[in-house]
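Chain by chain, the residues run as shown.
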Amino acid sequence: AQSVTQLDSQVPVFEEAPVELRCNYSSSVSVYLFWYVQYPNQGLQLLLKYLSGSTLVKGINGFEAEFNKSQTSFHLRKPSVHISDTAEYFCAVSDTPGYGKLTFGQGTILTVHP
Amino acid sequence: GAGVSQSPRYKVAKRGQDVALRCDPISGHVSLFWYQQALGQGPEFLTYFQNEAQLDKSGLPSDRFFAERPEGSVSTLKIQRTQQEDSAVYLCASSSSRAGAREQYFGPGTRLTVT
């Protein structure tokens with residue numbers, strides 16, 4: 001069985017400051033790793049994914065994440081946030097190989113203050 | 001192009017009523033997923049279709065939940081005899097591939113409130 005833990009339920013930050021949203025996972029098999037963003041009243045949108053290869057992956061809107069196998073972590077970072085980044089962020093894993101069933105963390109609400 | 005659409009966007013049901021939630025995936029997408037998102041929680045997997053075949057229904061919480069995708073496109077999630085604990089947002093997602101590495105595209109969800 002897989003599980004995903006997002007260590008912070010809420011992260012407040014000021015505009016133009018850096019941010020890190022933390023994610024740890026546990027799984028008995030190899031996994032793919034994802035970060036999704038959810039804006040109010042909208043569906044989830046993929047920010048980035050790690051499948052294999054380079055452990056640093058870059059996504060949309062200036063976000064990046066680093067896969068650390070020894071620490072089973074996949075933390076999301078952005079060097080300078082904008083007001084428009086205010087949203088809820090979900091870390092998720094799926095088995096490899098597999099058809100893509102996602103196991104999500106509980107989410108982190110990022111609030112960017114002016 | 002059109003994304004994943006879901007209807008209705010909001011549904012209020014009295015306890016004991018049956019409800020049907022519709023998902024229109026992106027045209028041509030072979031994989032379709034349903035997830036349930038309770039308030040303040042991350043989405044949880046309900047069921048998976050590959051074309052018209054329901055290959056995984058391990059996440060359906062009870063036999064009151066039933067999903068179908070008879071022609072391999074539109075899918076319906078039906079909940080019989082709704083209970084208060086069924087109140088949640090129901091998300092549908094589709095993917096162009098059977099492979100887990102491919103992106104899932106999510107619809108806006110149906111918010112079900114059982115009173």
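Each remark here, short or long, concerns the structure printed above.
Residues numbered from 1 in each chain as written. Chains lettered and ligands numbered in written order. Predicted model: local features only at pLDDT ≥ 70, side-chain atom pairs only at ≥ 80, totals over all residues. Heavy atoms only, no water.

## What about the nonpolar core?
If you look at the biggest cluster of nonpolar residues, it comprises 28 residues, and the most contacted ones within it are Leu33, Trp35, Leu47, Leu48, Phe74, Leu76 and Tyr89 of chain A. What Phe74 of chain A contacts, discounting residues up to four positions off in sequence, is Cys23, Leu33, Phe34, Trp35, Leu48, Lys49, Tyr50, Val57, Ala65, Glu66 and Phe67 of chain A. Counting 20 residues, the second largest nonpolar core, distinct from the first, contains Ile26, Ala67, Leu77 and Leu112 of chain B. (Core = buried A, V, L, I, M, F, W, Y, C linked by side-chain atoms within 4.5 Å. Buried < 20%, exposed > 50% of the residue type's maximum accessible area, 1.4 Å probe, protein only. Contact = heavy atoms within 4.5 Å.)

## Things to note about the interface of chain B and chain A
Contact with chain B, which involves 24 residues of that partner, is made by 21 residues of chain A. With both chains or domains summed, chain B and chain A bury close to 1800 Å², and 52% of this area falls on carbon and sulfur atoms. Viewed at the interface, chain A and chain B are joined by zero salt bridges. In this structure, the connection of chain B to chain A is made through five residue pairs in polar contact (both at pLDDT 80 or more). Counting only elements with at least two residues in the side of chain B that touches chain A, the list comes to strand S4 (31-37) and strand S5 (44-50) of chain B. For the side of chain B that touches chain A, the per-class residue count stands at eleven nonpolar, eight polar and five charged. (Buried area = accessible area lost by both parts, 1.4 Å probe. Salt bridge = Lys/Arg side-chain N within 4 Å of Asp/Glu carboxyl O. Polar contact = N/O pair within 3.5 Å; in protein donor to acceptor, adjacent residues only side chain to side chain. Helix = DSSP H or I, 4+ residues; strand = E, 2+ residues; numbered from the N terminus. Nonpolar A, V, L, I, M, F, W, Y, C, P; charged D, E, K, R; others polar.)

## A word on the layout of surface pockets
Quantified by volume, the largest pocket comes out at close to 520 Å³. Lining the largest pocket are 26 residues, with Gln38 and Glu88 of chain A together with Gln37, Val89 and Arg111 of chain B positioned closest to its centre. Those elements that place two or more of their residues in the lining of the largest pocket are strand S10 (87-95) and strand S12 (108-113) of chain A together with strand S9 (88-95) and strand S11 (110-114) of chain B. The residue inventory of the lining of the largest pocket, partitioned by class, reads twelve nonpolar, eleven polar and three charged. Every residue along the wall of the second largest pocket is listed here: Tyr25, Ser27, Val29, Ser30, Val31, Leu33, Tyr50, Leu51, Phe67, Lys69, Thr72 and Thr96 of chain A. A class-by-class count of the residues in the lining of the second largest pocket yields seven nonpolar, four polar and one charged. (1 Å grid on protein atoms, 1.4 Å probe; cavity = no way out; pocket = protein on both sides within 12 Å on 5 of 7 lines; lining within 4 Å. Points joined across faces, edges and corners; volume = space filled by probe spheres on them.)

## Quick word on the side chain of Gln6 of chain A
Residue and element names in this part refer to chain A. Tracing the sequence through the fold places Gln6 in strand S1 (residues 3-6). A polar atom in the side chain of Gln6 sits 3.0 Å from the backbone nitrogen of Cys91. Of note is the side chain of Gln6, whose polar atom sits 3.0 Å from the backbone nitrogen of Gly107. Beyond its immediate stretch of four places on either side in the chain, Gln6 contacts Arg22, Trp35, Tyr89, Phe90, Cys91, Gly105, Gln106, Gly107 and Thr108.

## Things to note about unusual backbone geometry
With an omega dihedral of -10 degrees, the bond running from Ser7 of chain B to Pro8 of chain B counts as a cis peptide bond. Along the chain, Pro8 of chain B falls in the loop between strand S1 (5-7) and strand S2 (10-13). For Glu16 of chain A, which is not glycine, the phi dihedral falls at a positive 75 degrees. Residue classification places Glu16 of chain A among the exposed positions, given a relative accessible area of 60%. Its identity as a non-glycine residue notwithstanding, Asn51 of chain B has a phi of 55 degrees, on the positive side. In this fold, Asn51 of chain B is placed in the loop between S5 and strand S6 (53-56). With a relative accessible area of 26%, Asn51 of chain B lands in the partly exposed category.

## Focus: the state of the cysteines
A full pass over the atoms with the stated rule returns two disulfides over all chains. Note on cysteine connectivity: Cys23 of chain A is disulfide-linked to Cys91 of chain A, with sulfurs 2.0 Å apart. Linking Cys23 of chain A and Cys91 of chain A, the disulfide has an S-S dihedral of approximately -65 degrees and is accordingly described as left-handed. Of this pair, Cys23 of chain A sits in strand S4 (residues 23-26) while Cys91 of chain A sits in strand S10, placing them 68 residues apart in sequence. For the pair formed by Cys23 of chain A and Cys91 of chain A, the shared burial category is buried. Each disulfide pairs two cysteine sulfurs, and for Cys23 of chain B the partner residue is Cys92 of chain B, the sulfurs being separated by 1.8 Å. Across the disulfide from Cys23 of chain B to Cys92 of chain B, rotation about the S-S bond amounts to roughly -65 degrees, and the bridge is consequently left-handed. Of this pair, Cys23 of chain B sits in strand S3 (residues 19-24) while Cys92 of chain B sits in strand S9, and the two are 69 residues apart along the sequence. With a relative accessible area of 0%, Cys92 of chain B lands in the buried category. (Disulfide = S-S within 2.5 Å.)

Honestly, it's all geometry; don't read function into it.
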